[in-house]
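# Examining the three-dimensional arrangement
The lines below spell out each chain.
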Amino acid sequence: MDKAQATSSTTTRSYWTWSKKDFFPETSFQTMSSYKTALSQTCPRLTDRLLARSSSTNELVTLQKVSENPMQQCLTWWDLIWLSFGLVVGSGIFVITGQEAHDDAEFAAEIPVAGGSFSYLRVELGDFIAFIAAGNILLEALVGSAGLGRSWSSYFASMIKSDSDFLRIKVNSLPEGFNLLDPLAVVVLLVANGVAMSGTKRTSWLNWVSSLVSGAMIVFVIIFGFIHAKTSNLKPFFPYGVEGVFRAAAVVYWSYTGFDLVANMAEETKKPSRDIPIALIGSMSGITVVCLMALALTMMVKYSEIDVNAAYSVAFEQIGMKWAKYLVTICALKGMTTSLLVGSLGQARYTMQIARAHMIPPIFALVHPKTGTPVNATLLVTVFSAIVAFFSSLDVLSSVLSLISALWNSNERGWIVYTVAGLLWFLGTLRMAFLSKQRVPKVWRVPLVPWFPSLSIVMNLFLIGSLGFNAFLRFIICSAVMIVYYMLVGLHATYDVAHQNEGVKN
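All of the points below concern the structure found in this document. Because the structure is predicted, anything quoted here is derived from the model rather than measured.

So, on to the packing of aromatic side chains. In the structure shown here, the tally under the stated rule is 16 aromatic pairs. Ring centres of Trp 77 and Trp 78 lie 5.9 Å apart, and the angle between their planes is 85°; on these two criteria the pair is classed as edge-to-face. Note on Trp 77: relative accessible area 32%, which makes it partly exposed. Site record: aromatic cluster; members linked through ring pairs are Trp 77, Trp 78, Trp 82 and Trp 208.

Listed below in structure tokens is the structure:
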């Protein structure tokens, strides 16, 4: 009897069960009395969870049993490269931070599970930090999918009429930024995520074929863009100054999450220790050509005349190549559809690993026995991203996870802030360099630790500091909601599971 048959024989209940026990099987939630008792023990339980750390064995073996059925190890480095390429290109990334990917490679090769950074943070920093970070990362991914759905609708509308809001329903009673309802974006999200649920290898194959078309479109845009380019459109070269460059970099930051997807797919990779580093390096090397697309766009059309919703298709129409408008629009729609497909894979697996840890109901950790995919988790992220896409405009979505503008608003004494911050960073990193390592990587190692990761963190904080107050406010509200949920539900569920597993071991 093979592994799949053995698993199937031990699974007696239907996949589509939705009882209370499926959502809250932990002891603390059995009765109202047990829940009140759990709440009265919140402080000691929180202390326990803050100090506790997961292990690679727990992430690799114990948590996977919660899914009841195994995921299919069907991906190679070739699949991962094109999955990353498909997501990043469709999301419209123009700025890439290479240091981030090296960190993902080391952890994913060491702990090849579907949870990506969530699993690594549980091992290194514990449940609470992992949950807050994972919640924001997942929210970022959902916002990204919603943004892609809205962009898909904009491009499709621009192909019919020179109005990217043509297919949206305006409701004047709703606040600005949430008053253009987009039913088409919802339909696109439902279809794309439905395909992603049908199987990982099938989605990978569709993405590979589609990404070849995307590559051809990129070459077309670059060639014809530069043919019709005007150097006068680049004046002024920095219309918003250096501050504008960093603000733009921070706004499009969510678009590059295709690289993080590679780590999320580790559990379905045949040889993670080999395939993941190759895929990360390969996808980043190939994606740098997209920067030329941004240059071609700004040379075709002056920056002040670029359509923010359907930039490339409208740009070709503005320069008189109306036929190219339809070609670019169709290819852009295909690219964004591919991104939605691939993004759904990563989001669902991230959600699944969080559910495996019982931080959200474990029913979302179940893997379907036929498709080998986390169908329940996919349905969950689909519903949330569809709701967001239906109401929220692109400018709201692009900044929802950004933070307050701090460094750029330092007035004429800004150099003092940079000097002090730089000195503190150097001394702190120097101190870490002399500390003994608690864990030595066995397979893949990031060079120049801790300088390389520390520099990456500083660069990300610098980008965060380039954005506005509203983004910071949204981030605080979202994090506050996550903390309340964790204190009322996640804390007690993970505490019960952790001590139940300790009892089994003893």
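Moving on from the model shown.
Here we come to a nonpolar patch on the surface. Residues Leu 423, Phe 426, Leu 427, Leu 430 and Phe 434 make up a contiguous nonpolar surface patch of roughly 510 Å² in combined accessible area. Mapped onto the fold, Phe 426 is located in helix α20 (residues 414-433).

Before going further, it helps to examine the packing of helix α8 (residues 117-124) against helix α17 (residues 322-356). Contact pair α8 / α17: the axes reach a minimum separation of 9 Å and the direction vectors enclose 35°. Facing Ser 117, Phe 118 and Ser 119 of α8, the residues of α17 in contact are Tyr 350, Gln 353 and Ile 354. Taken together, the residues that form the contact of α8 with α17 break down as 3 nonpolar, 3 polar and no charged.

Before going further, it helps to spend a moment on the pattern of salt bridges. For the coordinates displayed, the defined rule picks out 10 salt bridges. Arg 49 is the salt-bridge partner of Asp 127, the closest N and O atoms lying 2.8 Å from each other. Here the residue Asp 127 occupies a position in helix α9 (residues 127-160), and Arg 49 occupies one in helix α4 (residues 42-51), the gap between them amounting to 78 residues. Owing to a relative accessible area of 2%, Asp 127 belongs among the buried residues under this scheme. Under the relative-accessibility criterion, Arg 49 is labelled buried at 6%. The residue Arg 168 makes a salt bridge to Asp 182 at a minimum N-O spacing of 2.7 Å. With Arg 168 in the loop between α9 and β1 (169-170) and Asp 182 in the loop between β2 (180-181) and α10 (183-197), this residue pair connects regions lying 14 residues apart in the sequence. Just as Arg 168 is buried, Asp 182 falls in that class too. The network of salt bridges with shared partners includes Asp 48, Arg 49, Arg 122 and Asp 127.

Before going further, it helps to spend a moment on the side chain of Glu 267. Looking at where Glu 267 falls in the secondary structure, it is placed in the loop between α13 (258-264) and α14 (272-287). What makes Glu 267 buried here is its relative accessible area of 7%. A polar contact is formed between the side chain of Glu 267 and the side chain of Arg 356, at a distance of 2.8 Å.

Here is what the cut-offs are and how they apply
Residues numbered from 1 in each chain as written. Predicted model: local features only at pLDDT ≥ 70, side-chain atom pairs only at ≥ 80, totals over all residues. Heavy atoms only, no water. Phe/Tyr/Trp six-rings, centres within 6.5 Å; stacked < 30°, edge-to-face > 60°. Buried < 20%, exposed > 50% of the residue type's maximum accessible area, 1.4 Å probe, protein only. Patch = residues over 30% accessible without salt bridge, like charges linked within 9 Å, V, L, I, M, F, W, Y side chains within 5 Å. Areas by Shrake-Rupley, 256 points an atom, 1.4 Å probe, with all protein chains shown as cover. Salt bridge = Lys/Arg side-chain N within 4 Å of Asp/Glu carboxyl O. Helix = DSSP H or I, 4+ residues; strand = E, 2+ residues; numbered from the N terminus. Axes fitted to C-alpha atoms, helices over the stretch in contact; angles between N-to-C directions. Contact = heavy atoms within 4.5 Å. Nonpolar A, V, L, I, M, F, W, Y, C, P; charged D, E, K, R; others polar. Polar contact = N/O pair within 3.5 Å; in protein donor to acceptor, adjacent residues only side chain to side chain.

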